[in-house]
Amino acid sequence: MEATGTDEVEKIKSKFMSAWHNMKYSWVLKTKTYFSRNSPVFLLGKCYHFKTEGEYRALHSFHTEISGNVEEFRKDFISRIWLTYREEFPQIKGSALTTDCGWGCTLRTGQMLLAQGLMLHFLGRAWVWPEALDMDSSDSESWTSNTVRKLTASFEASLSAERDPRVLPRPQRGPARRSWDVTEMRNEVYHRKIISWFGDSPLAAFGLHQLIEYGKKSGKMAGDWYGPAVVAHILRKAVEEARDPELQGVTVYVAQDCTVYSSDVIDRQCSFMDSGKAGTKAVIILVPVRLGGERTNTDYLEFVKGILSLEYCVGIIGGKPKQSYYFAGFQDDSLIYMDPHYCQSFVDVSIKDFPLESFHCPSPKKMAFKKMDPSCTIGFYCRTVQDFEKASEEITKMLKSSSKEKYPLFTFVKGHSRDYDFASSPLHEENDLFSEEEKKRLKRFSAEEFVLL
């Protein structure tokens, strides 16, 4: 009885947390974001220009016709996968938690970065969601109002011991789906499959439940704060452990002490797949870095902008202190991001034709670079060994040209990490998911060296 009472208290606390965070962050979807007409906008390697009368134009509603690439930018941004706080998902093993409100934001931004890498792998950078233009600002308002009504009904049900609170369903929006050709149908299958891998259920390969299980190996538990470096290692483990045949052609490499060892990366790309056949894997490279001491050093601004302008960049896990954001672009000295701090209802992605709207953000947000927390993880995607070699050369030149410091932010070196007396991450899993060296590194990342987001 005592355990049951404790669980009920935890559930009520979770509902309060969900309500509080939606009140606190509801402006995320409501406030307008202003872009200058005179400066280009970069989004994950693509450049857009907004040429119109007037000095500024709000891009929140996207209703006004503007010459230039506004519609293309709108489609491109909305097509990125948006992963946010969720509530009422299956209980996390070893806890009473059914929501990640208040603590899961860095895991969510890590999911968004990995999702972008998988989108590049399966869909390509030119792909856009055909239904992106059907979303408008009224969607965000209906999400907010529906969530508030749902939270209120759910909380009242908790107090009155009702099990299934009744909430009016959200009306369906948008026109009927048009007929799609074979390529569009194939792309839509992958679009849904990628989102399903991030579903909030114990079986989803990159869902919150699985990531938390891998986090336990580094001493992290559900409800703890996660830093961007720890999340990078958790994502690597999740991809290595994924058993879906579609994912056998992708691997993840995490830089060691701000160093990318080229031979280690190529070994991962050329390793044998689970089927026993030799093949080249695509690689997602994650580089945990620190852009300064207590605060971000603005000397790194040009480098960060340069990184986000590369076509193989999959974004940055970063944010402000205690708030993690997924950085995907920039304009002038402001970063463009997606915010996970919006609590939405659980979506069962195992259902055929599950609703997609809540996995796509209708409005971009901007933040001054100087407000960025110095602790972050940068991500790149390389489909082939040749792509990796080309990317390493290009990024190395960028590091040298943009660095005002004596040493670059991170570096690419030839050879294996073992050649430099560092423990190399094993290509094949051992009984323990994390080696002793990895555990030490993860604990160090979790301490004061990296400010937790």
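Residues numbered from 1 in each chain as written. Predicted model: local features only at pLDDT ≥ 70, side-chain atom pairs only at ≥ 80, totals over all residues. Heavy atoms only, no water.

- Where an unreviewed UniProt entry is consulted, the chain appears under the name Cysteine protease, with the organism given as Edolisoma coerulescens.
- Its UniProt record gives the chain the following Catalytic activity (unreviewed entry) comment, quoted word for word: "[protein]-C-terminal L-amino acid-glycyl-phosphatidylethanolamide + H2O = [protein]-C-terminal L-amino acid-glycine + a 1,2-diacyl-sn-glycero-3-phosphoethanolamine".
- Note on the chain: under the UniProt heading Subcellular location (unreviewed entry), the record states "Cytoplasm". (UniProt positions renumbered as here; feature names shortened; annotations may be inferred.)

### With respect to the overall build of the chain
In step 1: Tallying secondary structure elements over the chain gives 12 helices and 15 strands in all.
In step 2: Counting only residues that meet the buried cut, the chain has 54% of its 453 residues in that class.
In step 3: Sequence separation of 24 or more characterises 75% of the internal contacts of the chain that already satisfy a separation of 6 or more.
In step 4: Entry remark: accessible area of the chain is about 20,300 Å², with carbon and sulfur atoms responsible for 52%. (Helix = DSSP H or I, 4+ residues; strand = E, 2+ residues; numbered from the N terminus. Buried < 20%, exposed > 50% of the residue type's maximum accessible area, 1.4 Å probe, protein only. Contact = heavy atoms within 4.5 Å. Areas by Shrake-Rupley, 256 points an atom, 1.4 Å probe, with all protein chains shown as cover.)

### Some details on the side chain of Ser358
In step 1: Considering the arrangement of structural elements, one finds Ser358 in the loop between strand E12 (344–345) and strand E13 (365–368).
In step 2: In this structure Ser358 comes out as buried when scored by relative accessible area, which is 12%.

### Overview of the packing of helix H4 (residues 105–122) against helix H8 (residues 228–241)
In step 1: Where H4 meets H8, the closest approach of the two axes is 10 Å, and the angle between their N-to-C directions is 50°. Classified by the interaxial angle, the pair formed by H4 and H8 is oblique. Helix-helix and strand crossings are classified by hand; for H4 and H8 the assignment is right-handed. Residue-level contacts link Thr106, Leu107, Gly110 and Leu114 of H4 to Pro228, Val231, Leu235 and Val239 of H8. (Axes fitted to C-alpha atoms, helices over the stretch in contact; angles between N-to-C directions. Parallel < 35°, antiparallel > 145°, perpendicular 65-115°, else oblique. Left-handed = near helix turned anticlockwise from the far one by under 90°.)

### Topic: the nonpolar core
In step 1: One finds Trp103, Leu118, Ile194, Trp197, Phe198 and Phe206 to be the most contacted residues of the largest nonpolar core, which totals 73 residues.
In step 2: Of the residues forming this core, the biggest block, 9 residues, is contributed by H4.
In step 3: When sequence neighbours within four positions are dropped, the list of residues in contact with Trp103 reads Tyr85, Ile92, Leu97, Leu208, Ile212, Ala222, Gly223, Asp224 and Tyr226.
In step 4: Residues Ile316, Phe327, Ala391 and Phe410 belong to the second largest nonpolar core, which totals 41 residues. (Core = buried A, V, L, I, M, F, W, Y, C linked by side-chain atoms within 4.5 Å.)

### Here we look at the pairing of strand E14 (residues 375–382)
In step 1: Most of E14 sits inside the fold, with 8 of its 8 residues counted as buried.
In step 2: In E14, alternate side chains face the same way, and those of Ser375, Thr377, Gly379 and Tyr381 on one face and Cys376, Ile378, Phe380 and Cys382 on the other are all buried.
In step 3: Alignment of strand E8 (residues 282–290) against E14, held across 8 bridges, turns out to be antiparallel. Within E14, the position partnered with Val289 by the bridge is Cys376.
In step 4: Note: strand E9 (residues 313–320) against E14, 4 bridges, orientation antiparallel. From the neighbouring strand, Cys313 faces E14, where its bridge partner is Phe380. (Pairing = 2+ DSSP bridges.)

### Quick notes on the packing of aromatic side chains
In step 1: Evaluated as defined, the whole model comprises 19 aromatic pairs.
In step 2: Both rings, one in Phe122 and one in Trp197, keep their centres 5.6 Å apart while their planes meet at 50°; by these two values the pair is tilted. Here Phe122, found in helix H4, pairs with Trp197, found in helix H6 (residues 182–197); they are 75 residues apart in sequence, far enough to count as distant. Like Trp197, Phe122 is buried.
In step 3: Ring geometry for Phe380 and Phe410: centres 6.4 Å apart, planes at 50°, overall tilted. In this pair, Phe380 is assigned in strand E14 and Phe410 in the loop between helix H11 (385–402) and strand E15 (411–413), connecting sequence segments 30 residues apart. The pair Phe380 / Phe410 is uniform in exposure class, with both members buried.
In step 4: Taken together, the ring pairs connect Phe35, Tyr48, Phe50, Phe73 and Phe77 into an aromatic cluster. (Phe/Tyr/Trp six-rings, centres within 6.5 Å; stacked < 30°, edge-to-face > 60°.)

### Let's talk about the pairing of strand E11 (residues 334–338)
In step 1: The element E11 is largely enclosed, with a buried count of 4 among its 5 residues.
In step 2: Direction of pairing for strand E10 (residues 323–331) relative to E11: antiparallel, over a ladder of 5 bridges. Following the sheet pairing, Tyr326 is matched in E11 by Met338.
In step 3: Summarising the sheet, E11 and E13 pair through 4 bridges and their orientation is antiparallel. For Leu335, the partnering residue across the bridge sits in E13 and is Met367.

### Description of H4
In step 1: Taking 1.5 Å per residue as the helical rise, H4 with its 18 residues ought to reach 26 Å, and the 25 Å between its terminal C-alpha atoms agrees with that figure.
In step 2: Gly124 sits one or two residues past H4 and shows a positive phi near 90°. (Expected span 1.5 Å × (residues − 1).)

### Concerning helix H3 (residues 70–79)
In step 1: For H3, a buried count of 7 out of 10 residues is recorded, marking the element as mostly surrounded by other parts of the structure.
In step 2: Taken as a whole, H3 has its buried residues at Val70, Phe73, Arg74, Asp76, Phe77, Ile78 and Ser79.

### Comments concerning unusual backbone geometry
In step 1: At Glu88, a position not held by glycine, the phi torsion is positive, near 65°.
In step 2: Among the secondary structure elements, Glu88 is positioned in the loop between strand E5 (86–87) and H4.
In step 3: Classification of Glu88 by relative accessible area gives partly exposed; the value is 32%.
In step 4: If you check the backbone angles, Lys322 has positive phi at about 70° while not being a glycine.

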